[in-house]
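Letter by letter, the chains look like this.
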Amino acid sequence: MLSALVSLFAFLFGATVGSFVNVCIYRLPRRLSLVQPPSHCPHCGMTLTVIDLVPLLSYLWLGGKCRHCKTPISPRYFLVELLTALLFMATVHRYPLGMEAVLVAASLAALVVIAFVDWEFFLVPDEAVWALAIFGIVRQVITNSWLGLGLALGGAAVASVLIWLVGILGRLIFRKEAMGFGDVKIYAAIGTHLGLTPLLIPFFVFSVVIGAVMGVVIALWHRRPITGYMPFGPSLAMAAAILFLAPPSVPEFVLRLYGVGR
């Protein structure tokens with residue numbers, strides 16, 4: 001019974017945080033304040049009230065349209081709230097209730113911001129990356145005392161250098177930019193969570209595999225090869241979420257494939 005109540009609270013709180021995540025996704029790439037002006041319809045400009053802002057439910061009972069001008073609302077708003085709610089619920093199932101669970105949940109919210117902004121605007125918001133990195137450093141310090149600070153910074157350095165070298169290699173092979181600097185920043189921020197550990201290997205593997213699958217799916221959807229730039233942020237966010245939430249046996253299996261670990 002207690003577990004069910006905790007899961008329900010995590011879901012509802014996650015949906016509420018997802019509403020703020022939507023604000024970040026809309027305002028950060030446009031360089032707008034997160035607090036002013038109050039939430040409003042971007043089409044008619046009417047200020048939204050409580051009935052318009054209930055996470056998940058408002059979208060459903062308003063039929064996915066603005067209550068004032070009836071302009072359709074992007075389903076992205078509902079999707080982000082639902083996704084954040086599910087990620088928060090998964091977090092309390094994976095971690096004991098405590099500060100680490102809070103930091104992981106907050107980090108997952110930051111990853112949602114990064115993924116959706118990069119997908120829509122080909123831009124990595126520095127504010128979300130810095131938040132992700134700070135959460136990682138605090139998480140390491142809580143887990144490993146002050147040794148964790150070195151592990152976090154070392155993980156960030158190794159992860160960023162690794163992906164930077166991959167970007168240079170890709171540029172030499174494909175004769176064009178293969179990796180943006182925003183991707184390097186994301187790798188560094190996630191590296192603070194993983195630390196100087198072999199977990200950097202499965203993170204790299206997961207991100208590359210997910211990116212390749214996404215590329216194939218997009219090419220099949222458009223029925224033509226991808227010739228332009230495809231944002232890598234969503235792949236990095238999904239790979240990090242897998243490592244944050246999957247049981248330890250998942251990255252351990254990947255490490256065994258590469259001859260690392262038992």
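Residues numbered from 1 in each chain as written. Predicted model: local features only at pLDDT ≥ 70, side-chain atom pairs only at ≥ 80, totals over all residues. Heavy atoms only, no water.

Asker: Explain the nonpolar core here, please?
Answerer: The tendency in soluble globular proteins is for nonpolar side chains to be buried side by side. If you look at the biggest cluster of nonpolar residues, it comprises 52 residues, and the most contacted ones within it are Val 21, Leu 108, Leu 111, Ile 190, Phe 203 and Phe 244. For this core, the elements supplying multiple residues, two or more each, are α1 (2–27), α4 (76–94), α5 (99–121), α6 (126–144), α7 (147–174), α8 (181–194), α9 (200–222) and α10 (233–245). With 13 residues, the top contributor of residues to this core is α5. Those residues within four positions of Ile 190 in sequence are excluded, and the remaining contacts are Leu 111, Leu 132, Phe 203, Leu 236 and Ala 240. (Core = buried A, V, L, I, M, F, W, Y, C linked by side-chain atoms within 4.5 Å. Buried < 20%, exposed > 50% of the residue type's maximum accessible area, 1.4 Å probe, protein only. Helix = DSSP H or I, 4+ residues; strand = E, 2+ residues; numbered from the N terminus. Contact = heavy atoms within 4.5 Å.)

Asker: I'm lost on the packing of α8 against α10 in this one. Help?
Answerer: Angle between the axes and distance between the axes: these two values describe a pair of packed helices. Closest axis-to-axis distance for the α8/α10 pair is 10 Å, and the angle between their directions is 5°. Taken together, the axes of α8 and α10 are roughly parallel relative to one another. Contact residues: Asp 183, Ile 186, Tyr 187, Ile 190, His 193 and Leu 194 in α8; Gly 233, Leu 236, Ala 240, Leu 243 and Phe 244 in α10. Classifying every residue of the contact of α8 with α10 gives eight nonpolar, two polar and one charged. (Axes fitted to C-alpha atoms, helices over the stretch in contact; angles between N-to-C directions. Parallel < 35°, antiparallel > 145°, perpendicular 65-115°, else oblique. Nonpolar A, V, L, I, M, F, W, Y, C, P; charged D, E, K, R; others polar.)

Asker: Hey, could you run me through unusual backbone geometry in this one?
Answerer: For residues besides glycine, phi is generally negative; the peptide bonds are generally trans as well. For the bond running from Gln 36 to Pro 37, omega is -5°, close enough to zero to count as cis. Of note, Pro 37 is situated in the loop between α1 and α2 (50–53). Notably, Lys 70 is not glycine yet its phi reads approximately 65°, a positive angle. Within the element layout of this structure, Lys 70 appears in the loop between α3 (57–61) and α4. Classification of Lys 70 as exposed rests on a relative accessible area of 52%.

Asker: Just to check I follow, could you spell out the packing of aromatic side chains for this structure?
Answerer: The description of an aromatic ring pair uses the distance of the two centres, along with the angle that the planes make with each other. Under the definition given, this model contains four aromatic pairs. Consider the rings of Phe 13 and Phe 88, whose centres lie 6.0 Å apart with planes at 50°: the pair is tilted. Placement of the pair is Phe 13 in helix α1 and Phe 88 in helix α4, with a sequence separation of 75 residues. Assessed through its relative accessible area of 7%, Phe 88 is described here as buried. Three or more aromatic residues joined by ring pairs form one cluster here, namely Phe 9, Phe 13 and Phe 88. Sitting over the face of the ring of Tyr 77, Arg 76 holds its NZ or CZ atom 4.4 Å from the ring centroid. Directly above the ring of Phe 244 sits Arg 139, whose terminal nitrogen or CZ lies 5.3 Å from the centroid. (Phe/Tyr/Trp six-rings, centres within 6.5 Å; stacked < 30°, edge-to-face > 60°. Lys NZ or Arg CZ within 6 Å of the ring centre and 35° of its normal.)

Asker: So what exactly am I meant to see when it comes to the environment of Pro 251 here?
Answerer: Within the secondary structure layout, Pro 251 lies in helix α11 (residues 249–257). Of the residues examined, Pro 251 reaches a relative accessible area of 8% and is grouped as buried. Spatially, the C-alpha atom of Pro 251 lies 8.6 Å from that of Ile 201, the residues being 50 residues apart in sequence. Discounting chain neighbours no more than four positions away, the residues touching Pro 251 are Leu 199, Pro 202 and Leu 243.

Asker: Which parts of the structure should I look at to understand a nonpolar patch on the surface?
Answerer: A cluster of nonpolar side chains, namely Met 99, Val 102, Trp 130, Ile 134, Val 138 and Ile 142, defines an oily patch on the protein surface of about 600 Å² accessible area. When contributions to the nonpolar patch are tallied by element, the ones reaching two or more residues are α5 and α6. Broken down by element, the nonpolar patch gets its largest block of residues, four residues, from α6. Take Met 99: it is sitting in helix α5. (Patch = residues over 30% accessible without salt bridge, like charges linked within 9 Å, V, L, I, M, F, W, Y side chains within 5 Å. Areas by Shrake-Rupley, 256 points an atom, 1.4 Å probe, with all protein chains shown as cover. Salt bridge = Lys/Arg side-chain N within 4 Å of Asp/Glu carboxyl O.)

Asker: How should I be thinking about α11 in this particular structure?
Answerer: Side chains of residues three or four places apart in an α-helix project in the same direction, reflecting 3.6 residues per turn. Within the span of α11, buried status applies to Pro 251, Val 254 and Leu 255. In a view along the axis of α11, the buried residues occupy a sector of 100°, so they form one face of it. Where α11 terminates, the next one or two residues include Gly 259, which has phi positive at roughly 75°. (Arc of directions from axis to C-beta.)

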